[in-house]
Amino acid sequence: MSKTDLFSPVRLGDIDLANRVVMAPMTRSRAAAGQVPNPLSVDYYRQRASAGLIITEGAQVSQQGQGYPDTPGIFNEAQVEGWKAVVDAVHAAGGRIALQLWHVGRISHPVFQPGGALPVAPSAIAAKGSVYTHEGMKEYPTPRALETGEIAGIVAQYAHGAAQAKAAGFDGVEIHGANGYLIDQFLRDGTNKRTDQYGGSVENRARFLLEVTAAVVDVFGASRVGVRLSPTNPFNDITDSDPAATFGHAAEQLNRFGLAFLHVIEPVVPGHPMAGPAGAPGVAGLLRRAFTGPYILNGGYDRDSAVQAVESGAADAVAFGIPFISNPDLVRRLQLRAPLAPADRATFYGGDAKGYTDYPALDMAAA
Ligand SMILES: Cc1cc2nc3c(=O)[nH]c(=O)nc-3n(C[C@H](O)[C@H](O)[C@H](O)COP(=O)(O)O)c2cc1C
């Protein structure tokens with residue numbers, strides 16, 4: 001039997017990957033008017049189609065779900081048409097692509113909200129920090145705590161987004177349960193102080209994630225649905241008093257669906273911006289054991305650590321974020337042990353083709 005290596009094929013649910021190098025979801029804030037994917041995004045994703053699986057930037061499932069300028073949506077027909085062009089291009093290039101379903105919760109501002117309303121969250125607790133808007137930086141407002149009776153409607157937003165993603169032809173969807181956005185705000189006890197069935201115990205805090213997952217699975221089929229979690233990432237001013245208990249429970253409960261994958265961010269390099277407090281124990285290994293389906297790891301991986309993660313069985317695939325921004329042919333470069341081009345942070349968010357579609361592939365770089 002051939003050894004399982006980073007460059008060998010793998011099946012995540014019903015999604016067949018040519019290799020185990022996944023492109024991590026990355027917001028690039030270049031959507032056109034109406035939150036429609038920019039035509040440049042067709043080239044951007046096509047250039048990266050040799051990834052075993054592309055997970056798109058987060059796409060808001062509703063206007064309420066938006067928290068940054070010029071992020072694409074997945075809630076109306078024009079947006080579906082925009083995404084269709086992206087999906088078709090990636091498929092024509094032989095790739096696979098899943099859309100990330102996103103609702104930011106409290107990480108927003110009335111400038112993005114329907115009717116200038118307050119953003120919504122499990123509890124009325126503001127995130128420390130400021131949000132970038134077209135009118136400059138603005139402090140996060142104190143969000144409005146969702147009424148119990150409203151939550152089914154938010155779950156329905158995710159289901160609608162999933163239906164739209166299916167209509168656009170995506171191979172699957174990833175539910176964004178990470179990085180301090182709405183689902184994570186429900187999961188972690190620093191942001192969830194509810195006293196109804198969505199707050200308090202780990203069982204109650206996981207309820208929203210599980211209801212969203214059930215609704216998305218109903219639309220797309222479990223074998224094409226993944227979930228992303230970031231148990232120890234402090235980004236967006238979020239904390240949990242016991243990540244092992246909270247996320248161990250969530251991972252175990254997700255087993256009931258038979259999902260395509262669980263995708264966990266837990267940085268492997270010190271000083272990574274998504275790393276938890278220094279010295280705090282990681283939980284990725286515990287989640288690997290708790291979750292019985294395919295498992296993707298992410299966070300500061302390079303060739304050696306990714307090879308090691310797959311060969312040791314710590315993960316079935318590894319997602320790369322920043323390296324994919326500046327290396328469209330990342331898989332080939334890793335295979336060849338070729339040098340990686342550095343990414344220019346100044347062009348991560350917003351702008352045009354510069355820093356987006358103009359990073360050359362190896363042959364062109366050498367020419
Ligand atoms: C520019 C940028 C945008 C990102 N946007 C998203 C996003 O939309 N959804 C998400 O789940 N993670 C997002 N992330 C996090 C990445 O998916 C990934 O977890 C992170 O970059 C760590 O992986 P890396 O060390 O390989 O870059 C973003 C990261 C960057 C650098």
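One structure accompanies this document, and this report is about it. Everything numeric here is computed off the predicted structure, so don't read it as measured data. (Residues numbered from 1 in each chain as written. Predicted model: local features only at pLDDT ≥ 70, side-chain atom pairs only at ≥ 80, totals over all residues. Heavy atoms only, no water.)

It is at 10 Å that the axes of helix 5 (residues 202-220) and helix 6 (residues 243-254) come closest, and there the two elements cross at 40°. It follows that helix 5 is oblique to helix 6 by the angle criterion. Relative to helix 6, helix 5 is oriented so that their crossing is right-handed. Along its contact with helix 5, which presents Val202, Glu203, Arg205, Ala206, Leu209, Leu210 and Thr213, the element helix 6 presents Ala245, Thr246, His249, Ala250, Gln253 and Leu254. Tallied by class, the residues present in the contact of helix 5 with helix 6 amount to seven nonpolar, four polar and two charged. (Axes fitted to C-alpha atoms, helices over the stretch in contact; angles between N-to-C directions. Helix = DSSP H or I, 4+ residues; strand = E, 2+ residues; numbered from the N terminus. Parallel < 35°, antiparallel > 145°, perpendicular 65-115°, else oblique. Left-handed = near helix turned anticlockwise from the far one by under 90°. Contact = heavy atoms within 4.5 Å. Nonpolar A, V, L, I, M, F, W, Y, C, P; charged D, E, K, R; others polar.)

Take the packing of aromatic side chains next. Tallied over the full model, the rule gives 11 aromatic pairs. When the ring of Tyr68 is compared with that of Trp102, the centres are 5.7 Å apart and the planes differ by 20°; the resulting orientation is stacked. Of this pair, Tyr68 sits in the loop between strand 4 (53-60) and helix 2 (77-92) while Trp102 sits in strand 5 (residues 97-102), and the two are 34 residues apart along the sequence. One aromatic cluster is present, built from ring pairs that chain together Tyr44, Tyr45, Trp83, Phe170 and Tyr356. (Phe/Tyr/Trp six-rings, centres within 6.5 Å; stacked < 30°, edge-to-face > 60°.)

Near the ligand lie 21 residues; those nearest to it are Pro25, Thr27, Arg228, Asn298 and Gly300. Asn179 has a polar side-chain atom sitting 3.3 Å from a nitrogen atom of the ligand. Between an oxygen atom of the ligand and a side-chain N or O atom of Asn298, the distance comes to 2.5 Å. The site holding the ligand turns out to be the largest pocket. Looking at the shell around the ligand residue by residue, the class counts come to 10 nonpolar, 10 polar and one charged. (Near = heavy atom within 4 Å. Polar contact = N/O pair within 3.5 Å; in protein donor to acceptor, adjacent residues only side chain to side chain. 1 Å grid on protein atoms, 1.4 Å probe; cavity = no way out; pocket = protein on both sides within 12 Å on 5 of 7 lines; lining within 4 Å. Sits in = over half its atoms within 2 Å of the grid points.)

We now examine empty space enclosed by the protein. Scanning the model with the defined rule gives one cavity of 30 Å³ or more in all. Of the voids in this model, the largest cavity is the one considered here, and its volume is about 30 Å³. Every residue lining the largest cavity is listed: Arg30, Ala31, Pro37, Asn38, Ser41, Glu57, Pro72 and Tyr356. Looking at the lining of the largest cavity residue by residue, the class counts come to four nonpolar, two polar and two charged. (Points joined across faces, edges and corners; volume = space filled by probe spheres on them.)

Where helix 1 (residues 39-47) contacts helix 2, the two axes come as close as 8 Å, and the packing angle between them is 30°. Considering the angle they form, helix 1 stands roughly parallel to helix 2. Viewed along their axes, helix 1 and helix 2 form a crossing whose handedness is right-handed. Of the residues in helix 2, those touching helix 1 at Ser41, Val42, Tyr45 and Arg46 are Trp83, Ala85, Val86, Ala89 and Val90.

The next point concerns helix 6. Taking 1.5 Å as the rise per residue, helix 6 with 12 residues should run 16 Å; its terminal C-alpha atoms sit 16 Å apart, in good agreement. Inspection of helix 6 places Pro243, Thr246, Phe247, Gly248, His249, Ala250, Ala251 and Leu254 among the buried residues, and these make up the whole buried set. In this structure, the buried side of helix 6 is in contact with helix 4 (182-187), helix 5, strand 11 (225-229), strand 12 (261-265) and helix 7 (284-290). (Expected span 1.5 Å × (residues − 1). Buried < 20%, exposed > 50% of the residue type's maximum accessible area, 1.4 Å probe, protein only.)

Judged by nonpolar contacts, the single largest core of 85 residues is most densely connected at Leu101, Tyr158, Phe208 and Leu254. Top element by residues in this core is helix 5. It accounts for nine residues. Sequence-distant contacts of Phe208, that is, excluding residues within four places in its chain, are made with Ile151, Ile154, Val155, Tyr158, Leu182, Ile183, Phe186 and Tyr198. Membership of the second largest hydrophobic core comes to 14 residues, among which are Ile15, Val22, Leu53 and Phe261. (Core = buried A, V, L, I, M, F, W, Y, C linked by side-chain atoms within 4.5 Å.)

Going residue by residue along strand 7 (residues 130-133), you find Val131 and Thr133 tucked away on one face and Ser130 and Tyr132 left uncovered on the opposite face. Across four bridges, the pairing between strand 7 and strand 8 (residues 136-139) is antiparallel. When the bridges of strand 8 are listed, Thr133 appears paired with Gly136. The turn linking strand 7 back onto strand 8 is made up of two residues. (Pairing = 2+ DSSP bridges.)

The next thing to look at is the layout of surface pockets. By rolling a water-sized probe across the atoms, one finds the places where empty space is left. One number sums up the size of the largest pocket: a volume of about 1,300 Å³. When residues of the lining of the largest pocket are traced back to their parent elements, those giving at least two are strand 5, strand 7, strand 14 (317-320), helix 9 (322-326) and helix 10 (330-336). The leading source of residues in the lining of the largest pocket is helix 9, at four residues.

The next thing to look at is the environment of Tyr68. A relative accessible area of 17% places Tyr68 in the buried class. Linking Tyr68 and Leu330, residues 262 residues apart in sequence, is a C-alpha distance of 28 Å. Filtering out sequence-adjacent residues up to four positions away, Tyr68 remains in contact with Trp102, Ile107, Phe112, Tyr140, Tyr181 and Asn236. In terms of polar contacts, Tyr68 uses its side chain to reach the side chain of Tyr181, at 2.6 Å.

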